[in-house]
Amino acid sequence: MGNGARNLKNAVVAILAPLPSILFYLSFLNRCDEDLNSLSPLWKWCYDHPLLLPNGLFFFNVNVLFWVISHVQSSHWMIDLYWTVIPLMLVHYYATHPLAHYNWWRSKIAILLTWVWSIRLNHNYFRREKWQWGDREDWRFTDMRFQYGKHWWWVSFFAVYFAQQIFLIGICLPLYAIHVEDKPLNIWDFVAIIVCVSGIVVAFYADTQLHKFVTRNERLKQLGKPLVANLDRGLWCYSRHPNYFGEQLWWWGLVIFAWNLGQGWTFVGSLVNTMCLAYVTKLVEERMLKQEYRVEAYRLYQKTTSVWIPWFKSSAIVGKEKNT
């Protein structure tokens, strides 16, 4: 199968994959427009459990269906794409559930911000993948495939899909909180907006600078010229992972919305995500140090540059620059 045909096939699969849960939810809403007393036990359960319902839909549509598709295609690429889409689906689900009760302006702001975040992240995903659908899976999944060998077929269900359910449902809990409390906007909502927008902007510029760096190195490699060992310009001069920092700002900005509504418990999802990202940061840096041409430069970069939070270079690099 040619690249064009495979790309088209993967695009069709990705677009059709979430339809079961979407159609199920639309059917539920249609039933709720009728007499609530005549609801079947299934629809009544959906009505009474606005937080459990998306977990059920996620389990069957993502965990099970996506997992089956991944074995047919021998690739877990689709979960990366839907990391950018599922929060958007969830915020619309929470806003349209019959038991939703919220401030109209706060809801619209949250939905708009989530759309901007999703578009930004989708753009970065396809730009990184050279506008291909399913060209490759996350390198961490490939490493685990070799690590678990013949057991990967069932381990992947938990490591790739069930784990994503915990992370995605968890970090989107503030979107649920926004749609169960109806309180007037106040100063903390504007603080949350500023934090969320700042996160989106920082992540956008960081990912754009990284994309330009990677593209430049690819051209140098094609020309047979030495590669640039390390990206330490722009935002990357002040943080080793400014894109991660921006992403964390976004999620913790949503937590401020929820905390302001008396739903501070929803921070647990962002906390788990932050801890997970700390581990991912460790894996990424270990991978960087396995590339011989950049070991020395990256070790110096680690010593002089903040991991996540942007900050000035340490005195070591200042002294080095003065001596050159």
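Scroll up for the structure.
To start, this report covers the structure provided alongside it.

Reading the values: rules and limits
- Residue indices follow the written sequence of each chain, beginning from 1 at its first position.
- Where totals are concerned, whole chains, interfaces and linings use all residues; where local detail is concerned, this predicted model gives features only for residues with pLDDT of at least 70, and gives and counts side-chain atom pairs only at 80 or more.
- The side-chain values count all of the structure's non-hydrogen atoms but skip hydrogen atoms and water molecules.
- Residues enter a patch when their relative accessible area is above 30% and they make no salt bridge; the linking distance is 9 Å between like charges and 5 Å between nonpolar side chains (Val, Leu, Ile, Met, Phe, Trp, Tyr).
- Where accessible areas are quoted, they stem from the Shrake-Rupley method and a 1.4 Å probe; at the residue level, only the protein chains shown are allowed to cover.
- By convention in these notes, a salt bridge is any Lys or Arg side-chain nitrogen within 4 Å of a carboxyl oxygen on Asp or Glu.
- Helix and strand assignments follow DSSP, with helices taken as H or I runs no shorter than four residues and strands as E runs no shorter than two, numbered in order from the N terminus.
- Whether a residue is buried, partly exposed or exposed follows from its accessible area with a 1.4 Å probe, protein chains only, as a fraction of its type maximum: under 20%, in between, or over 50%, in that order.
- Think of it this way: a Phe, Tyr or Trp ring, Trp meaning its six-membered ring, pairs with another when their centres are within 6.5 Å, and the plane angle makes it stacked under 30 degrees, edge-to-face over 60, tilted otherwise.
- Two limits define a charge over a ring: the Lys NZ or Arg CZ must be within 6 Å of the ring centre, and within 35 degrees of the ring normal.
- For this text, the term disulfide refers to a pair of cysteine sulfurs within 2.5 Å.
- Contact criterion: two residues are considered in contact whenever any of their non-hydrogen atoms come within 4.5 Å of each other.
- The nonpolar core is taken to be a set of buried Ala, Val, Leu, Ile, Met, Phe, Trp, Tyr and Cys residues, with the residues joined through side-chain atoms within 4.5 Å.
- The axes used here are C-alpha line fits, helices contributing only the stretch in contact, and every angle between their N-to-C directions lies in the interval 0 to 180 degrees.
- For classification, angles of less than 35 degrees are called roughly parallel, those exceeding 145 degrees roughly antiparallel, those between 65 and 115 degrees roughly perpendicular, and all remaining angles oblique.
- We call a crossing left-handed when the near helix sits turned anticlockwise from the far one by less than a right angle, and right-handed when that turn is clockwise.
- Residues are grouped as follows: nonpolar covers Ala, Val, Leu, Ile, Met, Phe, Trp, Tyr, Cys and Pro; charged covers Asp, Glu, Lys and Arg; every other residue, Gly included, is treated as polar.

## Section: a nonpolar patch on the surface
Together, L8, V12, I15, L16, L19, I22, L23 and L26 make up a nonpolar patch on the protein surface, roughly 720 Å² of accessible area in all. Elements that contribute at least two residues to the nonpolar patch include exactly α1 (3-16) and α2 (19-32). One can find L19 in helix α2.

## Details of the environment of V62
Note on placement: V62 falls in helix α4 (residues 52-73). Judged by its relative accessible area of 8%, V62 is buried. Residues V62 and I79 lie 17 residues apart in sequence; the distance between their C-alpha atoms is 8.2 Å.

## Regarding the packing of aromatic side chains
The full count for this structure, using the stated rule, is 25 aromatic pairs. Arranged with centres 6.2 Å apart and planes meeting at 25°, the rings of F28 and W43 form a pair that is stacked. One end of the pair, F28, is in helix α2; the other, W43, is in helix α3 (residues 41-48), and 15 residues separate them in sequence. Taken together, a centroid distance of 5.5 Å and an interplanar angle of 65° make the contact between W311 and F312 edge-to-face. For the pair W311 and F312, a shared accessibility class is recorded, and that class is exposed. Across the ring face of W139, the terminal group of R287 is positioned such that the distance to the ring centre comes to 4.4 Å.

## Some remarks on unusual backbone geometry
Here K130, not a glycine, exhibits a phi torsion of approximately 55°, which is positive. Relative to the assigned elements, K130 resides in the loop between α7 (104-128) and α8 (139-148). With phi around 60°, W131 is a residue other than glycine that occupies positive phi space. With respect to the helices, strands and loops of the structure, W131 is situated in the loop between α7 and α8.

## Observations regarding the pattern of salt bridges
Applying the stated criterion across every chain, the model contains 13 salt bridges. Put simply, E129 and R136 hold a salt bridge, and the shortest N to O gap is 3.1 Å. Since its relative accessible area comes to 5%, E129 is described here as buried. R136 gets classed as partly exposed once you look at its relative accessible area, which sits at 45%. Its salt-bridge partner being E285, residue R240 comes within 2.8 Å of it at the nearest N-O pair.

## With respect to the state of the cysteines
Scanning the model with the defined rule gives zero disulfides in all. Cysteine C32 shares no disulfide, and the gap to the nearest cysteine sulfur, in C46, comes to 8.1 Å. The exposure class of C32 is buried, given its relative accessible area of 13%. Take C196: it sits in no disulfide, and the sulfur closest to it among the cysteines is that of C172, at 12 Å. Take C196: its relative accessible area is 0%, and that puts it in the buried class.

## Regarding the side chain of S21
If you trace the backbone, S21 turns up in helix α2. Contact partners of S21, with chain neighbours within four places excluded, come to L57, N61 and M89.

## Here we look at the nonpolar core
Grouped together as the largest cluster of nonpolar side chains are 64 residues, with contacts concentrated most on F28, M78, L175, W250 and F257. At 10 residues, helix α9 (residues 152-171) tops the list of elements feeding residues into this core. The contact partners of F28, leaving out residues within four places of it in the chain, are W43, C46, Y47, L53, H97 and P98. Membership of the second largest hydrophobic core comes to 12 residues, among which are F213, W236, Y298 and Y301.

## Side note on the packing of α2 against α4
Contact geometry for α2 and α4: axes closest at 9 Å, N-to-C directions at 155°. If you check the angle between α2 and α4, you find them roughly antiparallel. Viewed along their axes, α2 and α4 form a crossing whose handedness is right-handed. Touching L19, P20, S21, F24, Y25 and F28 of α2 are L53, L57, N61 and L65, all from α4. When its residues are assigned to classes, the contact of α2 with α4 shows eight nonpolar, two polar and no charged.

## Thoughts on the environment of P20
Among the structural elements, P20 can be located in helix α2. According to the relative accessible area criterion, P20 is partly exposed, its value standing at 45%. Considering only alpha carbons, one finds P20 and N103, 83 residues apart in sequence, at a separation of 30 Å. Not counting residues up to four positions away in its chain, the partners in contact with P20 are N61 and L65.

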